[in-house]
Structures are given as C-alpha cells and as structure tokens.
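Commentary on secondary and tertiary structure
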Amino acid sequence: MKKHQQKLLTLFVLGFLGPNFYAQKKPKKDTIKNIEEVVVTALGIKRQDKSLGYVAEKVGSSTFEETQNNNWAQSLEGKVAGLKVQTAGAGPLGSARITLRGEKSMIMDNNYALIVVDGVPMSNSTTGTGDSAYGAGSGGDLPVDLGNGLNSINPDDIESVTVLKGASAAALYGSRAANGALMITTKSGKSKNGKLKVSFNSYASFDTVLKWPDWQYEYGQGTLNKNKNGEYYYSYGASVDGVNTGSTSSAFGPKFNGQYYFQYDPTVEGQSKERQLWRPYKNNVKDFWEVGSTYSNSVAIESSNENTNFRTSLTYLKNNWMMPNTGFDRFNFAGSISHKLNKKLKITTKLNYNTTNSDNLPATGYNNQSISYFMIFQNPNIDLAWYRPIWKNGKEGQEQLHPFSSFIDNPYLIAYEMLNGVKKKMITGSVTADYTFNKNFSMMLRSGMEIQDEKRTTKRPYNTANYLKGFYREQYVNNKEFNNDILFTYKKDFGKINLSASAGGNIRYNNYLMTDYRAEGLKAVGDYSLTNAISLITKLPTPKDQQINSVYSLVSLDYDKKIFVDITGRNDWSSTLPESNRSFFYPSVSTSVVLSDLFNLRSSKFNLWKLRASWAKVGIAGSPYLLNNYYSVDDIPGSVTAPSRYANPNLKPEENENIETGMDFSFLKNRVHFNFTLYQNTSNNQILTIPALNESGYSSRVINGGEIRNRGIELSLNATVMKTKDFSWNLNANWSENKNRIMTLPAEFNGEPFTMASVGGAVYYNAVVGSSLGDMYGYKLLRNEAGQVVYGANGLPLSTDSVEKVGNAFAKWRAGLQNDFKFKNFTISFSFDGQLGGMAYSQSHHKMSEQGKLEHTLWGRENADGKVIGQGVVLNADGSYGPNTTKIGIDAYYKEYYRRANVETNSFDTSFIKLRDARISYSFNQKIVKQLGLENLTVALFGKNLWMWTKFPMFDPEVATLDNATITPGIEMGQMPTAKTVGFQVNVKF
C-alpha cells in the first residue's frame, strides 16, 4: 500500500511538470538538497525548516541584488504567498505598507508587519506632514512621501529575508508581531581561509511612465458657448466673437476642425491680436514628465576565518525622478564584525548608517500644489510650453504665470519653486554577546538601537493659490528606540528525545519628538527662513514615549528528529496600559510531524512529507497616552487646547488568536517542493476611537470592542523543472486567498456601521457586522428593481439617499510566478504577479470625466444641440417606469453622472497582471575572469514593470492614497504615474 501511494504521488508531480521533466538527462551527482534548510525565526534563533510548525518562507539575497528598487521591500511583491507590498504612488522613495494575510485591525496603521533586522525590531515609524490627501479649497498643504525606516536598509547588504506570517511564528516578539514579521539577516562575511574578498555592484536604470489615462484630444476648452451665429466658439477673454470662454477647466468647447479663434498668446501674456489655429497639443501632459534615472554604486569588503567574520560596505545612490527637479541621494554604510574571544565567548557587532537627502520630493494628493492636480485640469488646447517661463514678465518671484485659472498653479512653479526638502540620518545597530557555559548551557545578551534624526523643509513662493505671501516650514523629527535582550538556552539529548529550552527578557524603550515651526507669510520674496516670517507659529514638541518590559520562554522538543513540538510564553508590562491591566500573558504551541521519516517513506523520488499545526495568542498594548486627558500645545504662543478625545483609564490589551495548519511535500531529490497552509486569525477587544456624544464635551472617546476574523489558504510551489549539465529551469509559484469577516462591533453602535476611515468626504470604509474590512461605501446611482438607472424630470440621473456598499478594496486572490533559466553562462529570469478582484475609487477619473477630458466623454459630442438623453428610466405617476426621454446638456450630464460623491461610477475593478521584473545576465568564463585577476564578473540587463494588463482606467490598479502618514488602499486621490524601468548592472568580485 505504501509503494502504491508513493507511485501515485510521483506520477502526479511528473504529470504536472510535463514530459520534458523526466525526459531530461540527469547529472550523476544530483543529490537531495535543502531538506535540512536553516531559517531565522523569532529572536534571531536559527532553526531547521522541517522542525517548524508554521510557515517560514525564506527569500535569498539574489532577489534584492538583482531586482533593484528604491525600497527593497518592493522586490518581494508577488514572491511570497499572502504578502502584499502597497505603496501610495507618491514619488521616488516608495514608502511601503507591508501586510501579511489580510487586514486584522479596524485602524489602517495597525495592520503592518514587523520588520526585524538581525534580531532587533525596527520601529519603522512614519511621520506625515499633517496634511490630508484631499485639500482642494482648504488653503492648506499636501502630504509628501518622505520615506520611512524601510528606506534606510540597503538591498545589497541583505543576506536573506525570512517571512513569518502568523502570530505563532512571531509570538516571541510581542504585540508588534501580531501581524507577522519579516526577519532580515544582513551579510556578515563569508570568504574562505581568511582571504580578503571585494565585491563591486553598479547599476544604472531609467524610468518612463508605465500607463497613461485615455485623454481625449478631439474637443477643446469651453462650456458649449455659441456665438451670435449659433456656432460653438472659443475666446480667450472677451472678443468680437463673444464672451470669455478661456477660464473654464472643462473641455466641452468646439471640436478641433481647422477653425481660428482668439487664443492665449504667450508673447503678450494675453489674448492674441489675430485669430489663431484651433488645435490640440496631444503631449501637453506627457511632455512635462522626463526620463528618470537612478545610479547606484556599492563596494563591499569581507573576510573570515575560524574565529572572525568581517564585512563592511559603502553604497551611494543618486535618483532623479520622472517629475522634473525631484529625486534624492542616499548613502549607506554597513559594518559587521564577529569574533570569538575564546572557546566560550563570541562578540558580534553590526552597525548601519544611512543618510537620505533631497532638495525636493513631490507632494501628492488633490490640491493646487500637486502636479496631479495640474494634470487633471490641463485642457487639450493649451500648450505646455506656455507655462515654462513660470513668472510673468517683469514680475519674477511675485506673480506666477497661470493664465487660465488662478486656482491652478503653474506646473513648473510646482516643480522648481514649491520645494519639499528632507535631510534624514538613521543609525541602526546591535552588539551581541554569546557565551557558552558548557555544551548544554549558553547565554545570549544583545543590545540594539535605532536612531532617526530628520529635518524637513517646505518652501512655497509668493502668489501661489494657497499662499499669496509665501510660506516656509521646518519640521524636526527625532525617534529613538532601544531594545535590550537576554536569553538563556539549555540543550540536552535524552536518547531519541531532544530538548531545547530558552528563557529571557526584553526591555524596549521608544522616545519620539517632533517640533514644528511655520512662517505664515514671508516679509521678503525668496528668503526662506523663520526670521523672515510675517507670522511665526511654533509647535512645541509633544513626546510619545513608551516602554514595554517582557519576559518570555521557549521549549522545543523533538522525538528522533521526526516529531517536533514548540511551546512559547511571553508576558508584557506596557506603559500604554493602566496599572490594573498592564500585565498580560500570551502563549503559543506548534508541532511539526515529518511523516515521511515517521513511516519510513523517504526514497530518491519522495523526500519529505511534513504535517504542521500551530496555535497562538498575542496581546497588543495600543498607542501611548490613551489613559488620561492631556492639553495640547496650540498654534497661538503660550496657549493650549483642551482635549477633544476622552481617554479610557480602564483600557485593556487587544487579543489576536491564530490557528494554522498545513503540509509540506518534497519530491524527486527535493527538486519539487510544494506546501499549502490553512489559517484562521481572530482579533478581538480592539482599541478603537469612536465618536462621543456632543453633551460630553468631547468629539471622540477610546474603547475596547469588536472582533475581526480572517481565514485563508496559501499554496507555494518551488521546482527545478529541468536540469542538465548546461541548462536548468527553476520555477516558483504561489497563490493565496484571504477572506475577512467582521464578527462583532462595540455595543455602542447599536447595530449601526462604524466608519473606520474616509478620504475626500466621498468614500467611507464602514465596518458592518457580517461584512469585511475594506468594504467601500458611498453614494450610487439610483436604480429600479431591474437595475436600470432612474432619471429625474430634469433629465439628470438620481442618486441614492444614503451611502451603500460599492465594493471592497482588497483582492479575492493574489498569485505570483517566477521563472529562472540558466544556459551555460547566461541566466534569464522573469516574474509575473497579479490579482483578481478588488476595487478602487478614482478622484482623477471623477474630475476628468466631469470636465470632459477622457475618451469615454466623447459620447454625445456630435449632437448638434449639445445635448444627450441618459440611458435609463423615469418614475411615472402610477409607480411604473418608462424610458427617459429628457435631453440635457452634455456638460451637465457628465458633471452629475460622474460627480465626486458618486462612488459607483468612479470606482473600478483593480484586477491586473504585471510583468513585475525581468533580467538577462551573462557571467564571464572563469578563464577570462582569472586572467583579469577577478573571481567573478557578471553583466546584466534588467527591467521592472515592463508590461501590465488591467481594465483600471487610470495610471495603476495597485493604487493607494497617502493621507498624512497613512497609506489607504483602494482610493486614488491625485495619483502620480507608475514607472516602467530598464537598466544595466555590473557585478564584480575580486
């Protein structure tokens, strides 16, 4: 029976791979590999993968070295089942929102995975500018992606990343690992026999825009105005042809058909003396964008022997982004030394120093000062070159050139004068002492730090739409985190039973300060200093200190290397909780059973069959200063503001419970590895801020409540499909599905939905019992029972009286596929990934449709009267429905049908497939390399985001909005283009 089962499994795998697999000629020395692979788990403890009762996916250094990104995290996209890397499309730094296995919290910022570098957790804090993404008409500023802690990690220094997805995997890291963790191990020197090894890695890459909206260039600026002869016309300013039509942002003017009108003349900065040809400028948005470039050079020196490992590296990266006058410089230094002082004591020190400097990073969102705002309002008949002088003749620095609307800032003014600068320094590092008392007993003592110091400047010149007298701002952000760990470990074998027991403690302290100075108006033009302020506003720093003291333990048992059991326990004392609830305990248990060894099923064709299961609880302490009411510093010097949020002195920790089970299989000398995982995660007792009754004197209050459940499945396949002496083909594939459900909401809502977040006053993320996190609510078109749109007597479509569910921001499932081909000295690799489902609301689509800028708004333009009849029905007096027959002007129709509040008509499916990255490399023959005095020489061509399929009509379906510091998926609020990248790389090893 066993032989029969083994044959069935082998035939299944061979059938999946196809006839080429078993027709190949196999090398004589092909051996079983990776069965005993070691991965890094919580607290930096190295474990054999087969012993783990949970998924721990390992990504090697080549992924980060070969797939160059400004943020290393983007290299993981599509390569790990259940992992999503979300950026806001807000500029070159690409701050990332990393989630594992869906959303678990009703608070958007509480869903991130923990980042751990060499065993030390990173705070990965992000400080926003304090501005919302939707700011049109508010007179304020906009968010800027200034980067976060992830940006400080140099991809060339990463040896591996182990992805711990569930709470079981990361239980020993406490509350911040409730959403899983990414364990980063940096390189530490691996040369042989003490030989000094030098590596040089250099690349240059170039960015162009991946996808543009479908702009229409058949009709120009205007609003259906007719002259005295009843003909559509255009006139910049009043003329003999008629009244001014050149100040509107709409493109419902005359068709481009060889006519001549009085138009804008840049030589006189006003109306042309003679009528000019009415023509479109089809690249009047695209030509603003340039070919971006990134140049990076990295050198590393390493050496090692039996007692010492040493490595140091320097990296300099220069980025000029696609938007003119934007980009950044980044410098990284990394040093690592590990030395055995004697047989018992080993000291390891790691230090990383990073600086990121930029004179200008782009603002994002929907407001005058965003280039996205200009792209939305640019009309087809306006030449981009007319804006290039920036300032009116003779009024440099005082009056900008924006001849078509005072609300739309000049795009070159935005790029060259509205500057968002940053100077950031970040130091991370650790010192670890490993002491072995005897063969059974050891101790690890580690101290880690993270220090971030950041200065930000915001410059706004005179005569901008929001700052007529200019504006200058300085922000200082200082964030320090210290982690100190001690861990005792006892190991002993009792025959076939092997025991490893560890116990230790941690003290984590975080200190955060942000100081803000604002010069509201400038006395002298162009003098950006606080001493030049007309009105100086100083916000004194508000501290956000917190400390957590912890003790934890881990017991690992295995029977004959076939049955493994892990039991962990951790107790935290958090400063963010009241004394009565400050202490909380959470355990985990996991098991791994290697069935192939237990039942002696291993052979040359069937290598591993492992069953795993785990259960864990994790406590989450919450944010600081939620226990008492505090006054805050006001903008008026010497004054304070009364608290608007009622604190909760009886706050309790959140709880996150995780159950996971799955199997791993390896076949054919481990050339095929397959695993699947089923999981359930339940998060309850969430710490929420909800509206308060007006009579309380507060606008909000803090409570515990609500329960969220996530269930999902993950599949992964790694296969060497073909392997001969000169050729190999490796394939990796993954697929994941997550289903989220809101089980309960706090009783205070009395069955009503809880609005977790909203952007722009149009889209609401409402939590409703029985529905899912990510459900998007907004107004929709009113429809009858047959689904037909209902129109009013005025011919305009009607909307629902209240918000309704429109869709969900998150995909039904996601998948990735990577292929790696090697033929002699050539390597060709490419990676696809994509998703099915998901939805995003587009502010840009709303506004450009309302203004007639997109191709779909050409419907009805040929009608001589400029009117259309909307497809749908009207409600008759007797309650029946009849066809709509009322004509309405096309401008009024599109304005109402695609109005901002109508979430239905401006939201779209975000399914996509992307050629995420591709690479072809050549490694020179060793004879040539050695003649040059080298060890290895490789050159490569690579590309990222080279192709995309999607029905999403705007720039990119992987859309999110940067709202202050929060990356909100599913909403496009002034999105900037996504880059398509090609580049060249040289890697030399001495």
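Given the structure is predicted, the values throughout are model-derived calculations rather than measurements. The residue numbers shown here count from 1 along each chain, following its written sequence. Side-chain atom pairs in this predicted model are given and counted only at pLDDT of 80 or more, local residue features only at pLDDT of at least 70, and totals for whole chains, interfaces and linings cover all residues. Just so you know, side-chain values use all the structure's heavy atoms and leave hydrogens and water out.

**Quick look at the pairing of strand β10 (residues 197-209)**
Rules: The cut-offs for exposure are 20% and 50% of the maximum accessible area for each residue type, with area from a 1.4 Å probe on protein chains only; residues under the lower value are buried, those over the upper are exposed, and the others partly exposed. Strands here are runs of E lasting at least two residues and helices are runs of H or I lasting at least four, both read from the DSSP assignment and numbered beginning at the N terminus. Paired strands, as defined in this entry, are two strands with at least two bridges between them according to DSSP.
Of all 13 residues that make up β10, ten are buried, and the element is covered over most of its length. Here β10 runs beside strand β17 (residues 292-304); their pairing, made up of eleven bridges, is antiparallel. In the sheet register, alanine 204 faces β17, and the bridge partner there is tyrosine 295. Two strands pair when backbone bridges link them, and β10 and strand β57 (residues 979-989) are joined in this way by eleven bridges, in the antiparallel orientation. Its bridge partner lying in β57, tyrosine 203 is registered against glutamine 985.

**Describing the sheet that holds strand β42 (residues 790-791)**
Across the sheet, three strands lie side by side as β42-β48-β49; this open sheet has mixed pairing. Strands with a single pairing partner mark the edges of an open sheet, and in this sheet they are β42 and β49 (881-883). In terms of strand pairing, strand β48 (residues 873-875) meets β49 through three bridges, oriented antiparallel. Looking at the pairing, valine 874 lines up with glycine 882 of β49.

**With respect to the confidence of the model for the protein chain**
Quick note on the threshold: What pLDDT conveys is the predictor's confidence in a given residue, as a value from 0 to 100. Residue contacts are counted whenever heavy atoms from the two residues lie within 4.5 Å of one another.
Averaged over every residue, the pLDDT of the protein chain is 90; the share at 70 or more is 95%. Counting interchain partners and residues more than four positions distant, the pLDDT-below-50 stretch residues 1-33 has 45 contacts.

**Some remarks on the pairing of strand β23 (residues 469-494)**
Remember that side chains alternate between the two faces of the sheet whenever the strand is regular. In the sheet, strand β22 (residues 441-462) pairs with β23 via 21 bridges, with the strands oriented antiparallel. In the strand pairing of β23, isoleucine 451 is matched with lysine 480. Once β22 ends, the chain turns through six residues before running back antiparallel as β23, passing asparagine 463 with a positive phi of about 70 degrees. Turn length for the β23-strand β24 (residues 497-522) hairpin, with the two strands adjacent in sequence and antiparallel, is two residues, and the turn residue glycine 495 shows positive phi of about 70 degrees.

**Digging into the sheet that holds strand β6 (residues 114-117)**
Either a parallel or an antiparallel arrangement is found when strands of a sheet pair, and the pairing is made through backbone hydrogen bonds. Taken together, five strands build an open sheet; the order of strands is β3-β8-β9-β6-β7 and the sheet is mixed. This sheet does not close on itself; its edge strands, each paired only once, are β3 (56-60) and β7 (120-121). Bridge analysis of β3 against strand β8 (residues 158-164) gives five bridges, and the strand direction is antiparallel. Bridge pairing in β8 links valine 59 to valine 161.

**Focus: a positive patch on the surface**
The condition that has to hold: In this analysis, a patch consists of residues with relative accessible area above 30% that form no salt bridge, clustered at 9 Å for like charges and at 5 Å for the nonpolar side chains Val, Leu, Ile, Met, Phe, Trp and Tyr. Method for areas: the Shrake-Rupley scheme with a 1.4 Å probe, in which residue coverage is limited to the protein chains shown. For salt bridges, the criterion is a side-chain nitrogen of Lys or Arg within 4 Å of an Asp or Glu carboxyl oxygen. Only four residue types enter the charge count, namely Lys and Arg as positive and Asp and Glu as negative; His and the chain termini do not. Every charge is mapped onto a representative atom, which is NZ of Lys, CZ of Arg, CG of Asp or CD of Glu.
Taken together, Lys46, Lys58, Lys340 and Lys346 make up a surface patch of like positive charges. Topologically, lysine 46 is positioned in strand β2 (residues 46-48).

**Describing a nonpolar patch on the surface**
A surface patch of nonpolar side chains, amounting to about 450 Å² of accessible area, comprises Leu196, Val299, Ile301, Phe310, Leu314 and Ile337. Sorting the residues of the nonpolar patch by element identifies β17 and β18 (308-320) as the ones contributing at least two each. The exposure class of isoleucine 337 is partly exposed, given its relative accessible area of 40%.

**Considering the packing of aromatic side chains**
Let me state the cut-off plainly: Any pair of Phe, Tyr and Trp rings, taking the six-membered ring for Trp, is counted once the centres come within 6.5 Å. Such a pair is stacked with planes under 30 degrees apart, edge-to-face with planes over 60 apart, and tilted for the rest. The criterion for a charge sitting over a ring is simple: Lys NZ or Arg CZ within 6 Å of the ring centre, and within 35 degrees of the ring normal.
Scanning the entire structure with this criterion turns up 50 aromatic pairs. The interplanar angle of 75 degrees and the centroid separation of 4.9 Å between the aromatic rings of tyrosine 435 and phenylalanine 437 together place this pair among those described as edge-to-face. Judged by its relative accessible area of 26%, tyrosine 435 falls in the partly exposed class. Phenylalanine 437 gets classed as partly exposed once you look at its relative accessible area, which sits at 33%. Here the aromatic residues Tyr236, Tyr264, Tyr281, Phe374, Trp386, Tyr387 and Phe404 are joined through ring pairs into a cluster of three or more. The ring of tyrosine 281 has arginine 279 lying over it, and the distance from NZ or CZ to the ring centre is 4.0 Å.

**With respect to the pattern of salt bridges**
Tallying each qualifying case throughout the model produces 45 salt bridges. Glutamate 481 is the salt-bridge partner of arginine 508, the closest N and O atoms lying 3.5 Å from each other. Taken together, the residues span a long stretch of sequence, with arginine 508 in strand β24 and glutamate 481 in strand β23 at a distance of 27 residues. An identical accessibility class is assigned to arginine 508 and glutamate 481; each is buried. Taking the shortest distance from any N to any O, the salt bridge between glutamate 850 and lysine 847 comes out at 2.9 Å.

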